[in-house]
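Here's the letter readout for the chains.
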Amino acid sequence: ELDTTEDNEADLKPRAPVVTIMGHVDHGKTSLLDALRGTSVTSGEAGGITQHIGAYQVTLKDKSQITFLDTPGHEAFSDMRARGANVTDIVVLVVAADDGLMPQTIEAINHTKAAGVPMIVAINKCDKPEANPQKVRERLLEHEVIVEEMSGDVQDVEVSALKKTGLDDLLDKIQLQAELLELKANPDRAAEGTVVEAKLDKGRGPVATILVNRGTLKVGDIFVVGAESGKVRAMIDDKGKQVKKAGPSTPVEVLGLSGVPMAGDQLQVVDTETKAREIAEYRQGVMQQKRTTQAPA
Ligand code: GDP
């Protein structure tokens, strides 16, 4: 029913990498996300107010972009994967240089390996006198994460989210990794995307942050998302600006949904509102049936 056809090679255009930051609690994931956001050449743009919509884009000096998922931690990552959403192209593993490898670091390594996603290690808190980045590299070896210095192929970088050092180096390494992946998508087709975050907003009704996977999402587009449907009434980007369209790897807040979908749900643009409603109703029926059959007697 839905147009899920593969795109022709000739229609594919380069797209920005989508990055998830993982690591042990308190190792600096949130601090690093905030610091990286501040490196964007457009972050100081007039009228732009930072919006936390679940993902943001950094624009580098050469105008290329990197999309960061703003929900740190491997729970969001594995929840999304469990729902069939593989939106992450690159994982940045944060390890605090004073604390070293901890249980959630190892969990994150395992999740990343299971997903087959390339990893870059950010050794954080290098400003601390007790920081020991070399020990981190050695311990990583025990988990078969072999950094370049140890003649492996995993890039690593020493950073301090607090002092904002090593950030350009980290961004360079993400770009380098992205180039190797040759990430592409067709921007000229009906949009498909993934729900990164969704909520019921008091004033605006159901709102979902969609990360566009392929195609271009436009105001007025009719869509089905999980067991909900709708028509794009407005879109707001990560700088709080209203936008008319959003291409591949761009995160946008979408207004105009019939209800609140779940993180990891897929959005697809369809031709008619009737079709969108039919698919959504069918899916709601399936969900209802699952609940009834699973309910204890
Ligand atoms: P998360 O739980 O991984 O998101 O970690 P947070 O970003 O919340 O950071 C945990 C604590 O470590 C906070 O008190 C931060 O201020 C601190 N922190 C984060 N990055 C650095 C750093 O580069 N250097 C130092 N000295 N402290 C940091």
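Residues numbered from 1 in each chain as written. Predicted model: local features only at pLDDT ≥ 70, side-chain atom pairs only at ≥ 80, totals over all residues. Heavy atoms only, no water.

Within an unreviewed UniProt entry, the label attached to the chain reads Translation initiation factor IF-2, and the organism entered is Stakelama flava.

Engineer: How would you explain the site of the ligand if you had to name every residue and give the values?
Structural biologist: Lining the immediate environment of the ligand, one finds 15 residues, of which Asp 26, Lys 29, Thr 30, Ser 31 and Asp 127 sit closest. Between the ligand and the protein, one listed contact pairs an oxygen atom with a side-chain N or O atom of Thr 30 at 2.6 Å. Bound to the protein, the ligand loses 73% of the 580 Å² it would expose on its own. Of the residues forming the shell around the ligand, the biggest block, three residues, is contributed by helix H1 (residues 29-37). Taken together, the residues of the shell around the ligand break down into three nonpolar, seven polar and five charged. (Near = heavy atom within 4 Å. Polar contact = N/O pair within 3.5 Å; in protein donor to acceptor, adjacent residues only side chain to side chain. Areas by Shrake-Rupley, 256 points an atom, 1.4 Å probe, with all protein chains shown as cover. Helix = DSSP H or I, 4+ residues; strand = E, 2+ residues; numbered from the N terminus. Nonpolar A, V, L, I, M, F, W, Y, C, P; charged D, E, K, R; others polar.)

Engineer: Any details on the environment of Ala 16? Residues and values, ideally.
Structural biologist: With respect to the helices, strands and loops of the structure, Ala 16 is situated in the loop between strand E1 (13-14) and strand E2 (18-23). Since its relative accessible area comes to 13%, Ala 16 is described here as buried. In the structure, Ala 16 is positioned 234 residues away from Thr 250 in sequence and 8.2 Å away in space, judged by C-alpha atoms. Residues within four places of Ala 16 in sequence aside, it is in contact with Gln 57, Gln 65, Ile 66, Thr 67, Asp 89 and Ser 249. (Buried < 20%, exposed > 50% of the residue type's maximum accessible area, 1.4 Å probe, protein only. Contact = heavy atoms within 4.5 Å.)

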